[in-house]
Amino acid sequence: MKKIFVGAIILVSSSVFANPYKSGFVDVSIQIQEGKETFKLVCQPKITVGKLPKNWVSSCNDIGKKLLELAVENGVKVDPVDKVFGMAGDFAQKASSDLPEDIVPAAIVSREFGS
């Protein structure tokens, strides 16, 4: 139960305006796995491909890494990684360059973290 509470704290922290856990073009949220003590991170671009910076997935990974570090600080057993979105992020970065400029890319979901 403690881990779900910490997840809720992180979720509230990440939704505060001008918070370092979001950027002007992506939102990173926490998806808590009900019945398990695990969670996934979800990075959702907020703007179209034509307006996204070329390295938008790097922002997802940076924000995700900060959220994992915050989870560790709050006692959640998580191994912090640099590329939180891994190969899914790499694929999304490459695939989004082929999309029309007026399309918002789909969300990227990380692997499961936690116990």
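Residue numbering note: each chain is counted from 1, following its sequence as written. Owing to the predicted nature of the model, reporting of local features is limited to residues with pLDDT of at least 70; listing and counting of side-chain atom pairs is limited to 80 or more, with chain, interface and lining totals taken over all residues. Side-chain metrics in this entry use all non-hydrogen atoms of the structure; hydrogen atoms and water are not considered.

For helix α3 (residues 86-96), every residue scored as buried is listed here: Gly89, Ala92 and Ser96. The buried side chains of α3 occupy one side of the element, clustering within an arc of 65° when seen end-on. Exposed and facing more than 90 degrees away from the buried side of α3 are Met87, Phe91 and Lys94. By definition, residues are in contact when any of their heavy atoms lie within 4.5 Å. Runs of E in the DSSP output that reach at least two residues are strands. Runs of H or I that reach at least four are helices, and both are numbered from the N terminus. Against the buried residues of α3 lie α2 (56-73) and β3 (108-109). Residue burial is assigned from relative accessible area. The probe radius is 1.4 Å, only protein chains are included, and a residue is buried under 20% of its type maximum, exposed over 50%, and partly exposed in between. Directions are taken from the helix axis to each C-beta atom, and the arc is the one they span.

Now for the state of the cysteines. In plain terms, two cysteine sulfur atoms within 2.5 Å form what is called a disulfide here. For the coordinates displayed, the defined rule picks out one disulfide. The disulfide partner of Cys43 is Cys60, and the gap between their sulfur atoms is 1.9 Å. Here the disulfide of Cys43 and Cys60 is left-handed, its torsion about the S-S bond being about -55°. Taken together, the positions of Cys43 in strand β2 (residues 38-45) and Cys60 in helix α2 put the pair 17 residues apart, joining distant regions of the chain. By the burial criterion, Cys43 is buried, and Cys60 matches it.

Time to look at the pairing of β2. Taken across its eight residues, β2 has six buried, putting it largely inside the fold. Relative to β2, strand β1 (residues 26-32) runs antiparallel, the two sharing seven bridges. From the neighbouring strand, Val28 faces β2, where its bridge partner is Cys43. Hairpin connection, β1 to β2: the antiparallel pair is bridged by five residues, and Gly35 has positive phi, about 85°. Strands are labelled as partners when DSSP assigns at least two bridges between them. Bridge count for β2 against strand β4 (residues 113-114) is two bridges, and the pairing is antiparallel. Paired with Phe39 across the bridge in β4 is Phe113.

Take a side-chain nitrogen of Lys or Arg and a carboxyl oxygen of Asp or Glu: if they are within 4 Å of each other, that pair is a salt bridge. Taken as a whole, this structure holds four salt bridges when the rule is applied. In this structure, Asp27 and Lys46 form a salt bridge, with 3.7 Å as the shortest nitrogen-oxygen distance. Linking Asp27 in strand β1 with Lys46 in the loop between β2 and α2, this pair joins segments that are 19 residues apart in sequence. On the basis of relative accessible area, Asp27 is assigned to the partly exposed category, the value being 28%. The class of Lys46 is partly exposed, set by a relative accessible area of 37%. Across the pair Asp90 and Lys83 runs a salt bridge whose closest N-O atoms are separated by 2.8 Å.

The geometry of an aromatic ring pair is captured by the separation of the ring centres together with the interplanar angle, meaning the angle of the planes. Whether two aromatic rings pair depends on their centres lying within 6.5 Å, for rings of Phe, Tyr and Trp, where Trp uses its six-membered ring; planes under 30 degrees apart make the pair stacked, over 60 edge-to-face, and the rest tilted. Enumeration according to the criterion identifies one aromatic pair in this entry. With centroids separated by 6.0 Å and ring planes inclined at 35°, the aromatic side chains of Phe39 and Phe113 adopt a geometry described as tilted. Of this pair, Phe39 sits in strand β2 while Phe113 sits in strand β4; the two residues are 74 residues apart in sequence, bridging distant segments of the chain. Across this residue pair, the class does not change: Phe39 and Phe113 are buried.

Residue types Ala, Val, Leu, Ile, Met, Phe, Trp, Tyr and Cys, when buried and joined through side-chain atoms within 4.5 Å, form a set referred to as a nonpolar core. Counting residues in each nonpolar core, the largest one holds 22 residues, and the members touching the most others are Phe39, Leu41, Trp56 and Phe85. Of all the secondary structure elements, the ones that give two or more residues to this core are β1, β2 and α2. A per-element tally of this core places α2 first, with seven residues. Those residues in contact with Phe39 that lie beyond four places of it in its chain are Ile30, Gln31, Ile32, Gln33, Leu68, Ala71, Val76, Val78, Arg111, Glu112, Phe113 and Gly114.

Read these as geometric descriptors, not functional statements.
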